[in-house]
Amino acid sequence: MIPSAAASIPQPPRVQDSDLRDDAAMQRVLLCLQKLCEDNKEILVGLTQLQFGEYLGEPCYAAAAAQLPLAANLPSALPWKYKRGDFDVLLIHRHFGLVTCEVKAFGDNTQALNMSKDDKDKNIRKKLTEAVSQLDKAEAMLSHLVSDIAPGLPVTKVIAFPNLTADEVQQAISGDPQLTQDLCRCLGTTDPFNIPGLCLNLLTNTFWKALVEIRECYTAVITLFPEQVHLLHTAPPTLFVTGPPGTGKTVVLLMMGIKWLLDGHPVYIISSCPKSLAASTMMYHLLLQTVKTQQSAGVSTGQPHLLQYYHNFNDNDAEKAANNLSQAARGGSLYVIADEVSGVDFPTVCDKLLTQVPHLHLWAASCNHRPGFASWPVEYLTRPLRSPPAVVREVEQDEVITEYRNVLPYSERGVANHTDGPPVKRVDHRGEGHSDFTPARCVTCGRDVASFLHSLRVGVTENVTTTATTVTSTNGGTTSPCLQWRDVLVLALYNMSDDSGMVKGLQEAGIPVRMMTDVDIDDVATARSDVVWVTDAQRVCGLERKVIVCLGNSTYAGFYSMARCTSQLVIVCDVNDPKSV
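Residue indices begin from 1 for each chain and proceed along its sequence in written order. Whole-chain, interface and lining totals are the exception, using all residues; otherwise, since this is a predicted model, local features are given only for residues with pLDDT of at least 70 and side-chain atom pairs are given and counted only at 80 or more. Only heavy atoms go into the side-chain values, all of them from the structure, while hydrogens and water stay out.

Side note on the side chain of Thr-242
Next up, step 1: By the criteria applied, helices consist of DSSP H or I runs no shorter than four residues and strands consist of E runs no shorter than two, each listed in order from the N terminus. Mapped onto the elements, Thr-242 comes out in strand S5 (residues 238-242).
Next up, step 2: Exposure categories follow from relative accessible area, calculated using a 1.4 Å probe and restricted to protein chains: below 20% of the type maximum is buried, above 50% is exposed, and the middle band is partly exposed. We classify Thr-242 as buried; its relative accessible area is 0%.
Next up, step 3: Here, two residues are considered to be in contact whenever any of their heavy atoms come within 4.5 Å of each other. Once residues lying within four places of it in the same chain are set aside, the contact partners of Thr-242 are Lys-249, Ser-366, Cys-367, Asn-368, His-369, Val-378, Glu-379, Tyr-380, Leu-381 and Leu-408.

Re the packing of helix H9 (residues 226-234) against helix H10 (residues 249-262)
Next up, step 1: To get an axis, a line is fitted to the C-alpha atoms, and for a helix only the part in contact is used. The angle between two axes follows their N-to-C directions and goes from 0 to 180 degrees. It is at 10 Å that the axes of H9 and H10 come closest, and there the two elements cross at 30°. With respect to H10, the axis of H9 lies roughly parallel. Here H9 runs over H10; the crossing is right-handed. Facing Gln-228, Leu-231 and Leu-232 of H9, the residues of H10 in contact are Val-252, Met-255 and Met-256. The cut-offs work like this: below 35 degrees is roughly parallel, past 145 is roughly antiparallel, 65 to 115 is roughly perpendicular, and the gaps in between are oblique. Less than a right angle of anticlockwise turn of the near helix away from the far helix marks a crossing as left-handed, whereas a clockwise turn marks it as right-handed.

Quick word on the sheet that holds strand S7 (residues 304-308)
Next up, step 1: The pairing criterion is simple: DSSP has to find at least two bridges between the two strands. Ordered in space as S7-S6-S8-S9-S5-S10, the six strands form an open sheet in which the pairing is parallel. Bordering the open sheet on either side are S7 and strand S10 (378-380), each of which pairs with just one other strand. Pairs of neighbouring strands in the sheet enclose a mean axial angle of 20°, with direction left out of account.
Next up, step 2: As judged from the five bridges shared by S5 and strand S9 (residues 359-366), these two strands associate in the parallel manner.

With respect to the pattern of salt bridges
Next up, step 1: In the sections that follow, a salt bridge refers to a side-chain nitrogen of Lys or Arg positioned within 4 Å of a carboxyl oxygen of Asp or Glu. Inspection of every chain in the model, using the stated rule, returns 19 salt bridges.
Next up, step 2: Across the pair Lys-120 and Glu-168 runs a salt bridge, and its minimum N-O distance is 2.4 Å. Residue Lys-120 is located in helix H4 (residues 117-145), and its partner Glu-168 is located in helix H5 (residues 166-173); the two are separated by 48 residues in the primary sequence.
Next up, step 3: Ionic pairing is found between Glu-394 and Arg-426, a salt bridge with its closest N-O pair at 2.6 Å.

Points about H9
Next up, step 1: Along H9, the positions that sit buried rather than exposed are Gln-228, Leu-231 and Leu-232. Angular distribution of buried residues about the axis of H9 spans 95°; they occupy a single face of the element.
Next up, step 2: Lining the buried residues of H9 we find S5, H10, S9 and S10. By construction, the arc corresponds to the directions joining the helix axis to the C-beta atoms.

Examining the confidence of the model for the protein chain
Next up, step 1: Of the residues in the protein chain, 77% reach a pLDDT of 70 or more, and the chain-wide mean stands at 79.
Next up, step 2: What pLDDT conveys is the predictor's confidence in a given residue, as a value from 0 to 100. Confidence over residues 201-221 falls short of pLDDT 50; this stretch has 61 contacts with residues more than four positions distant or in other chains.
Next up, step 3: In the predicted structure, residues 463-481 sits below a pLDDT of 50 and forms 16 contacts with residues beyond four places in sequence or in another chain.

Considering the environment of Gln-308
Next up, step 1: With respect to the helices and strands, the residue Gln-308 is situated in strand S7.
Next up, step 2: Sequence separation of Gln-308 and Pro-274 is 34 residues, and the distance between their C-alpha atoms is 8.7 Å.
Next up, step 3: Apart from residues lying up to four places away in sequence, Gln-308 is in contact with Ser-271 and Leu-277.

Right, here's the structure in full:
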């Protein structure tokens, strides 16, 4: 029988389902890395699925290798067991050096396979064991390759599980002490609870998308420390978070609030005093933004609610407030966020809620480490996360930390900073033309501050020829945005007026200045208007700006002002300031 023409045509190999899942997992990881790089304007070199053998020692590279030093022949000296393998993802980063990532696709089809929990845990442990072995080989190969030019160069090893949550990883390894020990060694941690956070659980669900959205509300992408990741994974129902400014207290409250919303729970943001209103308002709008984003994508979420309490609580007031909040509980559950709490008043309400709501979830935070949450679990965050070292050095010298000890001191960061930050600018309030009053009442100081702000090119949009991210101006040209006026806050320890010398000096220089009033809280908290806001430092606790102008050096004025700065700090020095220029 003569074979048919169709039968004689070679058929392409069938694509395996496992290959498709591997490719999908790799694509998800790469898309997440691309998004992070775009948002943070980072530059790195990335290689994927690179075989160990594809190096200069291969015959096809012989001509090029002959022109290079000894490094070309290094793989030949490596033990045989380390010569076979590949890099799923190999990154070369200017700050983090060599990063090798092992990608595991397991988890996307467990429901379709009707896999039991025991089988799922067993497979997760198997994948983790394989990942440890592969990462160890990758580290050995990389270390060997660079040994002639950078001996001892550290290699960061990570595991990416795009289809698993941190809880699933934690549950799988909880009953395997040997695997836990191997993972701690491989990922470079001494605490087993850090393992799920050090694995890249890049599950692109609503939680990941929400984090991408809210990241734009900050001046830069923030990478949490392991203790913060562990805190979010363990998620105790009640918690008080304390530590000096810029250590990530508001960030962890925000992330927990997002998780509660995405789980379908209503979240109540409590402003317990006037000082906390700005931070609470900002928190409310960030959570509301998350809800709107998810609902526009067809995702059902809970709703945030902002509640304000302005009075000092006596026993009757505390009882009423607790009763009002407990009535909002659903099925015995209540979800509450309280940032910038102070004193012992609101903690009294919280203690009463514990007796009235069976399943109370309440996270609170404050710089003051003695606000009355004595019986609550406490988390101390003391490593600087947000502000550059130049600003941290100023804040940590304030009397609030050094003498009054109301705020804990900073601890060592433990990892390198990208930059020291711009040097602190000091404007001297003395000499010819300066008033005999405070800097806030000095027109000359206002002019000096205005001159410095103009030197930063705040509010200026300059023409460029090429740029990675551009906007189109009204005249059709291409422009690149610089600092905006909304990036600046001018802060004192007391309320100023429109006719104060500082305000007049700024206005004379053409700077759009507005005095903050009670009705402006929403505008200031969301940085909606492109103006320079002037206000009492204690009224904007919890907010952040790239440029902070601190008027005076009196106790608390400096602390509450400087702590808001994420980049350029300007201090208008009183005449008795020993650091005045």
